[in-house]
Amino acid sequence: MKILIIGTPRSGTSSLLRGCNSLLKYNRYGEPWNLHIPDNDLLSVDFQFEDNTIVKTLVHSPMQLYPEKNIHEFYKEQCEQFDRVIVLGRKNRKELLESYAFQMERGLKDKWQEPYELAETTHLNTDKYLNEINSYCDLLLVVSKNLGMNIVWYEDLYSGNIEVVKPIIDSWKLPLQADKLLPHLHPSKRFRRVSSIL
């Protein structure tokens, strides 16, 4: 089986990738079209993934790597080689913006998936990233619509409510047991440790 995870930054794609892969033991590709990861082995648009592979990508990354390629054609072509495609987003753009701004201004470049604390007094220049985040979120909406797929929301997947989370996992029809993946999606796995500051 080949699995593709498409999402915005700071929407839980990395945790989902790690959780699934810890159970499936598949070949794992983390953001193979991301220009901004140091020493990243970038893949061509026509790269054929092997079976038993799980891939995650930020929705906008292919657009930056292949500006001449229509992003919707790119995803349509890529999805043809995957058995399962999961589109992951975040309803609360304000908290997404805070998380992104914190990482850009305070985080370590090589440690995007680290827990962090955001004090009520923390000052972040969120205005600097507002248009960028809105463009990513809007792009995800269009991509999901064009692919005919519903967005799985971060707030639901990482809610800790088994009655909400288990049906989502079951709907993916992955070769794993939902109850084994649930611990990887527990709210304690969130990187952020406090509520909104805006």
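Here, the structure is the one placed above.
Residues numbered from 1 in each chain as written. Predicted model: local features only at pLDDT ≥ 70, side-chain atom pairs only at ≥ 80, totals over all residues. Heavy atoms only, no water.

1. Considerations on helix 7 (residues 162–172)
Inspection of helix 7 places Val-165, Ile-168, Ile-169 and Trp-172 among the buried residues, and these make up the whole buried set. Down the axis of helix 7, the buried set is contained in an arc of 95°. They therefore lie on one face. Against the buried residues of helix 7 lie helix 1 (13–24), strand 4 (84–89), strand 5 (151–153), helix 6 (154–157) and helix 8 (178–181). The N-cap residue of helix 7 is Asn-161: its side-chain oxygen and the backbone nitrogen of Glu-163 are 3.0 Å apart. (Buried < 20%, exposed > 50% of the residue type's maximum accessible area, 1.4 Å probe, protein only. Helix = DSSP H or I, 4+ residues; strand = E, 2+ residues; numbered from the N terminus. Arc of directions from axis to C-beta. Contact = heavy atoms within 4.5 Å. Polar contact = N/O pair within 3.5 Å; in protein donor to acceptor, adjacent residues only side chain to side chain.)

2. A look at the sheet that holds strand 5
Hydrogen bonds between backbone atoms are what pair the strands of a sheet, whose relative direction is either parallel or antiparallel. The 5 strands are arranged 2-3-1-4-5 in an open sheet whose pairing can be described as parallel. Both outer strands of the open sheet, strand 2 (27–30) and strand 5, are each paired with one neighbouring strand and no more. Neighbouring strand axes in the sheet, compared pairwise and without regard to direction, differ in orientation by 20° on average. (Pairing = 2+ DSSP bridges. Axes fitted to C-alpha atoms, helices over the stretch in contact; angles between N-to-C directions.)

3. Some details on the packing of aromatic side chains
All chains considered together, the criterion is met by 10 aromatic pairs. A centroid spacing of 5.4 Å and a plane angle of 50° characterise the contact between Phe-49 and Phe-82, whose relative ring orientation is tilted. Here Phe-49, found in the loop between strand 2 and strand 3 (53–58), pairs with Phe-82, found in the loop between helix 3 (71–79) and strand 4; they are 33 residues apart in sequence, far enough to count as distant. Side by side, Phe-49 and Phe-82 carry an identical accessibility label, which is buried. Between Tyr-100 and Tyr-129 the ring centres are 5.7 Å apart and the planes differ by 80°, which places this aromatic pair in the edge-to-face class. Here Tyr-100, found in helix 4 (residues 93–106), pairs with Tyr-129, found in helix 5 (residues 127–147); they are 29 residues apart in sequence, far enough to count as distant. Within the aromatic cluster, the residues linked to one another by ring pairs are Tyr-29, Trp-33, Phe-47, Phe-49, Phe-74, Tyr-75 and Phe-82. When the ring centre of Tyr-154 is taken as reference, the NZ or CZ atom of Arg-90 above it lies at 4.1 Å. (Phe/Tyr/Trp six-rings, centres within 6.5 Å; stacked < 30°, edge-to-face > 60°. Lys NZ or Arg CZ within 6 Å of the ring centre and 35° of its normal.)

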